[in-house]
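Coordinate inspection notes
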Amino acid sequence: MTEINDSKRYAMVSSRCGSDDVSRDAWADWDTGTQQWVLRCAFDYAHCHKCDGETSITQVELARASF
């Protein structure tokens, strides 16, 4: 088995305030075989729980010391 060594890590943050306490609207489907919810589709709408409102999500690379 080949192990993937991706040393980059990211956080998804609110473009309004920089908080990583964000959510996206999505559809999830129940997979009877695995007995788990499986993400089908993530939509554009994003919500920041710190701002308590709509936001856009920005991907930021974490510094190596963060992980």
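Residues numbered from 1 in each chain as written. Predicted model: local features only at pLDDT ≥ 70, side-chain atom pairs only at ≥ 80, totals over all residues. Heavy atoms only, no water.

**A few points about the environment of Val13**
- One can find Val13 in strand β1 (residues 10-14).
- Sequence separation between Val13 and Ser23 is 10 residues; the distance between their C-alpha atoms is 9.6 Å.
- For Val13, the residues in contact, after removing those within four places along its chain, are Gly18, Ser19, Asp20, Val22, Ser56, Ile57, Thr58 and Val60. (Helix = DSSP H or I, 4+ residues; strand = E, 2+ residues; numbered from the N terminus. Contact = heavy atoms within 4.5 Å.)

**Comments concerning the pairing of strand β2 (residues 22-31)**
- Both β2 and strand β3 (residues 36-48) contribute to a ladder of nine bridges, which runs antiparallel. Following the sheet pairing, Ser23 is matched in β3 by His47.
- Between the end of β2 and the start of β3, which pair antiparallel, lie four residues, with Gln35 showing a positive phi angle near 60 degrees. (Pairing = 2+ DSSP bridges.)

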